Amino acid sequence: MATKGFRGKTCAYCRREGIASTADHVVARGAFLVRHRMNIPKVPACSSCNGEKSRLETYFLALVLAASNHEHGDEYRRNHVIPSLRKNRRIGNMIRNSKPIVIQRNGRFEQVFPINIDSEMTTRLMEFIAIGLYYHHAKAPLNVDYDAKARIFAPEHEAEYINTVFQIFPDDSPRVSRDLGNGTFVYDGIQNSQMPGFSVWRMKWHGGIALAGENGPQGGVSTWIVSTAPRDLPTSGEPLRL
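The rules behind these values
- Residues numbered from 1 in each chain as written.
- Predicted model: local features only at pLDDT ≥ 70, side-chain atom pairs only at ≥ 80, totals over all residues.
- Heavy atoms only, no water.
- Helix = DSSP H or I, 4+ residues; strand = E, 2+ residues; numbered from the N terminus.
- Buried < 20%, exposed > 50% of the residue type's maximum accessible area, 1.4 Å probe, protein only.
- Contact = heavy atoms within 4.5 Å.
- Areas by Shrake-Rupley, 256 points an atom, 1.4 Å probe, with all protein chains shown as cover.
- Core = buried A, V, L, I, M, F, W, Y, C linked by side-chain atoms within 4.5 Å.
- Expected span 1.5 Å × (residues − 1).
- Bend = angle between axes of the 7 residues up to and from the residue.
- 1 Å grid on protein atoms, 1.4 Å probe; cavity = no way out; pocket = protein on both sides within 12 Å on 5 of 7 lines; lining within 4 Å.
- Points joined across faces, edges and corners; volume = space filled by probe spheres on them.
- Nonpolar A, V, L, I, M, F, W, Y, C, P; charged D, E, K, R; others polar.
- Pairing = 2+ DSSP bridges.
- Axes fitted to C-alpha atoms, helices over the stretch in contact; angles between N-to-C directions.
- Phe/Tyr/Trp six-rings, centres within 6.5 Å; stacked < 30°, edge-to-face > 60°.
- pLDDT = per-residue confidence, 0-100.

**Student:** Can you walk me through the overall build of the protein in this structure?
**Tutor:** Each helix and strand counted, the protein has five helices and nine strands in total. Element order for the protein, N to C, with α for helix and β for strand: β-β-α-α-α-β-β-α-β-α-β-β-β-β. Taking all 242 residues of the protein together, 47% fall into the buried category. Considering only contacts within the protein whose residues lie at least 6 apart along the sequence, 63% involve residues at least 24 apart. Carbon and sulfur atoms form 47% of the exposed surface of the protein, whose accessible area is close to 12,500 Å².

Laid out in structure tokens, this is it:
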């Protein structure tokens, strides 16, 4: 989607100067029902980054969001996921071939149909989104010496990581919290006031999509945490291995 106001600017994602050719929705419009597509952040993007992010979004929207827990999740699956799966036979077969299993969640046993997802593709998309959110809220691109790193944590390790963040971030660090599309994409972020490129973002999709890993709780977790930080900064907490 080309927009004159974004052309020729620094690409929000790769941060190369003067090469942006389009305006990119940081969170894909396809993640939202049509009536919920308001106030989605947009940033300048080059054709290369826009193309890579679009490829990741196509995978994520068709496969992962099929498990939507949004109050309008059935409508989303009917109007968006199913038509997409008809076009993408490979991903459609992954869902159709899923075998049911029984898990315990919130003290109850439930039958679910697990889907194996490509963790590299999904975490890479979350990193794109965090960098885009940083640009949108900071009104400037992330420093080129900083990288984004996405993780999902088991609840006890998520709390440990967030507590560490609040200990090392000054009290005057800017914070933001948004709910896009009535729970379609909910996020909050904090930017270190003394190291502006250092930020942490929490993201939840479609009412909380359950993700399970080999070292995670049986009922799954639903929050991604993405940090933007200097490349040599050590990390804290134990991420969930998908």
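**Student:** Looking at this model, I keep getting lost on the nonpolar core. Mind explaining?
**Tutor:** A general trend in soluble globular proteins is that nonpolar side chains are found buried together. If you look at the biggest cluster of nonpolar residues, it comprises 61 residues, and the most contacted ones within it are Tyr 13, Phe 60, Met 126, Ile 129, Phe 185, Met 203 and Trp 205. Looking at which element gives the most residues to this core, the answer is helix H4 (residues 119–138), with ten residues.

**Student:** What should I look at first to understand helix H2 (residues 73–87) in this one?
**Tutor:** Because the α-helix completes a turn every 3.6 residues, residues three or four places apart line up on one side. Helix length check: H2, at 15 residues, gives a terminal C-alpha distance of 20 Å against a target of 21 Å (1.5 Å per residue), a fit within 8%. Along its length, H2 reaches its greatest deviation from straightness, about 35°, at Val 81, and the proline Pro 83 lies no more than four positions downstream. Residues Gly 73, Glu 75, Tyr 76, His 80, Val 81 and Leu 85 constitute the buried set of H2.

**Student:** What am I meant to see in the layout of surface pockets here?
**Tutor:** Over the atoms, a rolled probe matching the size of one water molecule traces out where space is still vacant. Roughly 440 Å³ of internal volume is contained in the second largest pocket. Along the wall of the second largest pocket there are 20 residues; nearest its centre are Ala 28, Arg 29, Gly 30, Glu 57 and Leu 61. Those elements that provide at least two residues to the lining of the second largest pocket are strand E1 (22–25), helix H1 (47–63) and H2. Here the lining of the second largest pocket gets seven residues from one element, more than from any other, and that element is H2. Tallied by class, the residues present in the lining of the second largest pocket amount to eight nonpolar, eight polar and four charged.

**Student:** Honestly, the sheet that holds strand E9 (residues 223–230) in this entry has me stumped. Any pointers?
**Tutor:** Strand pairing in a sheet takes place through backbone hydrogen bonds and is either antiparallel or parallel in direction. Sheet architecture is open: five strands sit in the order E5-E9-E8-E7-E6, paired in antiparallel fashion. Two strands bound the open sheet, and with one partner strand each, they are strand E5 (146–152) and strand E6 (175–180). Strand after strand, the sheet turns through a mean of 15° between neighbouring axes, direction not considered. Both E5 and E9 contribute to a ladder of seven bridges, which runs antiparallel. Residue pairing in the sheet places Tyr 146 in a bridge with Pro 230 of E9. Along the sheet, H4 makes contact with E5, E6, strand E7 (185–191), strand E8 (199–205) and E9, crossing E8 at roughly 120°.

**Student:** Can you walk me through the side chain of Glu 75 in this structure?
**Tutor:** Among the secondary structure elements, Glu 75 is positioned in helix H2. Beyond its immediate chain neighbours, meaning those up to four positions away, Glu 75 contacts Leu 33 and Arg 35.

**Student:** Even after reading the chapter, I still don't get the packing of aromatic side chains, so can you show me in this structure?
**Tutor:** All told, the structure shown has seven aromatic pairs when counted by the stated rule. An aromatic cluster of at least three residues, connected via ring pairs, comprises Phe 60, Phe 185, Tyr 187, Trp 201, Trp 205 and Trp 224.

**Student:** Sorry, what's going on with the environment of Ala 45 here?
**Tutor:** Counting through the fold element by element, Ala 45 comes out in strand E2 (residues 42–45). Between the alpha carbons of Ala 45 and Lys 9 there is a distance of 8.2 Å; along the sequence they are 36 residues apart. If sequence neighbours within four positions are ignored, Ala 45 has contacts with Cys 11, Tyr 13, Ala 20, Ser 21, Thr 22, Asp 24 and Asn 50.

**Student:** Can you help me understand H1 in this one?
**Tutor:** Helix length check: H1 (17 residues) gives 24 Å between terminal C-alpha atoms against 24 Å at 1.5 Å per residue, within 8%. Within H1, burial applies to Cys 49, Lys 53, Leu 56, Glu 57, Tyr 59, Phe 60, Leu 61, Ala 62 and Leu 63.

**Student:** Sorry, what's going on with the confidence of the model for the protein here?
**Tutor:** Caution applies to low-pLDDT regions: their predicted coordinates should not be interpreted in detail. The share of residues in the protein with pLDDT of 70 or more is 78%, and the mean pLDDT across the chain is 83. The secondary structure element of the protein with the lowest average pLDDT is strand E3 (residues 101–105), at 52, and the one with the highest is E2, at 97. In the model, residues 214–218 has pLDDT below 50 throughout and makes eleven contacts with residues more than four positions away in sequence or in other chains. In this model, residues 236–242 is a region of pLDDT below 50 whose contacts with residues beyond four sequence positions or in other chains number 32 contacts.

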